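If you want the building blocks of each chain, they are given just below.
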Amino acid sequence: MLGVSTDEQYMREALKQAAYAAQEGEIPVGAVVVSRGRIIARAYNQTERLQDVTAHAEMLAITAAANCLGAKYLQDCTLYVTLEPCPMCAGALYWSQLSRLVWGAPDEKRGFARMGTPMLHPKTELKEGVLAAESVALLNEFFLKLRKNGR
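Here the structure is a predicted model, which is why all the values come from computation and not from measurement. (Residues numbered from 1 in each chain as written. Predicted model: local features only at pLDDT ≥ 70, side-chain atom pairs only at ≥ 80, totals over all residues. Heavy atoms only, no water.)

### What to know about the UniProt feature "binding site: Zn(2+)" (unreviewed entry) in the chain
Okay, step 1: In this structure's numbering, the residues bearing the UniProt feature "binding site: Zn(2+)" (unreviewed entry) are H56, C86 and C89. Considering the C-alpha atoms alone, the annotated residues occupy 34 residues of sequence yet fold into one spot, their largest mutual distance being 9.3 Å.
Okay, step 2: By secondary structure assignment, the location of H56 is in the loop between α2 (47-50) and α3 (57-69).
Okay, step 3: Leave out the neighbours within four places in its chain, and H56 touches N45, T47, C86, M88 and C89.
Okay, step 4: Here the side chain of H56 touches V53 through a polar contact of 3.3 Å, landing on its backbone oxygen.
Okay, step 5: Turning to its location among the elements, C86 is positioned in the loop between β3 (77-83) and α4 (87-96).
Okay, step 6: Given a relative accessible area of 14%, C86 falls into the buried group. (UniProt positions renumbered as here; feature names shortened; annotations may be inferred. Helix = DSSP H or I, 4+ residues; strand = E, 2+ residues; numbered from the N terminus. Contact = heavy atoms within 4.5 Å. Polar contact = N/O pair within 3.5 Å; in protein donor to acceptor, adjacent residues only side chain to side chain. Buried < 20%, exposed > 50% of the residue type's maximum accessible area, 1.4 Å probe, protein only.)

As C-alpha cells, this is what we get:
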C-alpha cells in the first residue's frame, strides 16, 4: 500500500484479528507476531471461548510464534497488538525476550506502562499509538453494544 508504513500494515492485520474477537463476543484485541518481514503468528482474545483468563491475544500469539520458530525466545520478532498489554502479558513478553513491541490504543486502567516499574526486557523496543484511533473505535463500539444489551 502506497504511503502506509510497515507498522501500520501489520497493525491492520492485528485489527483484523481484533474484529474476529468482537464477532465472537470477546473483547476486541488482536495481535500478530512478525519475524524477518513475515507474519508467523496471529491471535485474538479468547478468554470466553476457552474459559481461560490467560487467553489474551498476546499470550496466544507468543505461544503460536514460539511453536512456529521452534524456540522459546522471540528475538528478532515484533509483536503488534491493538491494545497496550496488561502486566500479565508484559511479563510473558519479558520472558520471551521480544525484540520489539508495537501497540495501538493505550489501556488507561490495566496497561502495563501505568504500573511504574519496567516490565519488559531491557532490549525490547517500544512504539505506541499506531492506528490508535481505529483500535479505540473498535473497543468503544464493542463496549457500547454490551451496555445496550444490559451486560
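### Quick word on the nonpolar core
One recurring pattern in soluble globular proteins is that nonpolar side chains are buried together.
Okay, step 1: Ranked by internal contacts, the top residues of the largest apolar core, which has 24 residues, are V33, L79, V81, L93, L98 and L101.
Okay, step 2: Of all elements in the fold, only β1 (30-35), β2 (38-44), α3, β3, α4 and β4 (100-105) reach the threshold of two or more residues within this core.
Okay, step 3: In this view, L101 contacts L79, V81, P85, L93, F112, L120, T124, E125, L126 and K127; residues no more than four positions away in its chain are not counted. (Core = buried A, V, L, I, M, F, W, Y, C linked by side-chain atoms within 4.5 Å.)

### Details of the pairing of β3
Okay, step 1: Buried residues dominate β3, accounting for seven of its seven residues.
Okay, step 2: Sheet topology note: the β1/β3 ladder contains five bridges and is antiparallel. By the bridge assignment, V33 is partnered in β3 with L79.
Okay, step 3: Sheet analysis places β3 next to β4, joined by five bridges and oriented parallel. Bridged to T78 within β4 is R100.
Okay, step 4: A crossover connection joins β3 to the parallel β4 through α4; in handedness this β-α-β unit is right-handed. (Pairing = 2+ DSSP bridges. Right-handed = clockwise from strand over helix to strand, strands pointing away.)

### Section: the sheet that holds β4
Okay, step 1: Judged by pairing direction, the sheet is mixed, and its five strands sit side by side in the order β2-β1-β3-β4-β5 without closing on themselves. Edge positions in the sheet fall to β2 and β5 (125-128), since each of these pairs with one other strand and no more. When strand polarity is set aside, the average angle formed by the axes of neighbouring strands in this sheet is 15 degrees.
Okay, step 2: Sheet contacts for helix α5 (residues 132-148): β3 and β4; angle to β4, the most-contacted strand, approximately 55 degrees. (Axes fitted to C-alpha atoms, helices over the stretch in contact; angles between N-to-C directions.)

### Considerations on the state of the cysteines
Okay, step 1: Under the counting rule described, the total for this entry stands at zero disulfides.
Okay, step 2: With no disulfide of its own, C77 lies 8.6 Å from the sulfur of C68, the closest cysteine sulfur.
Okay, step 3: Free cysteine C89: the closest other cysteine sulfur is in C86, separated by 3.7 Å.
Okay, step 4: Residue C89 is classed as buried on the basis of its relative accessible area of 0%. (Disulfide = S-S within 2.5 Å.)

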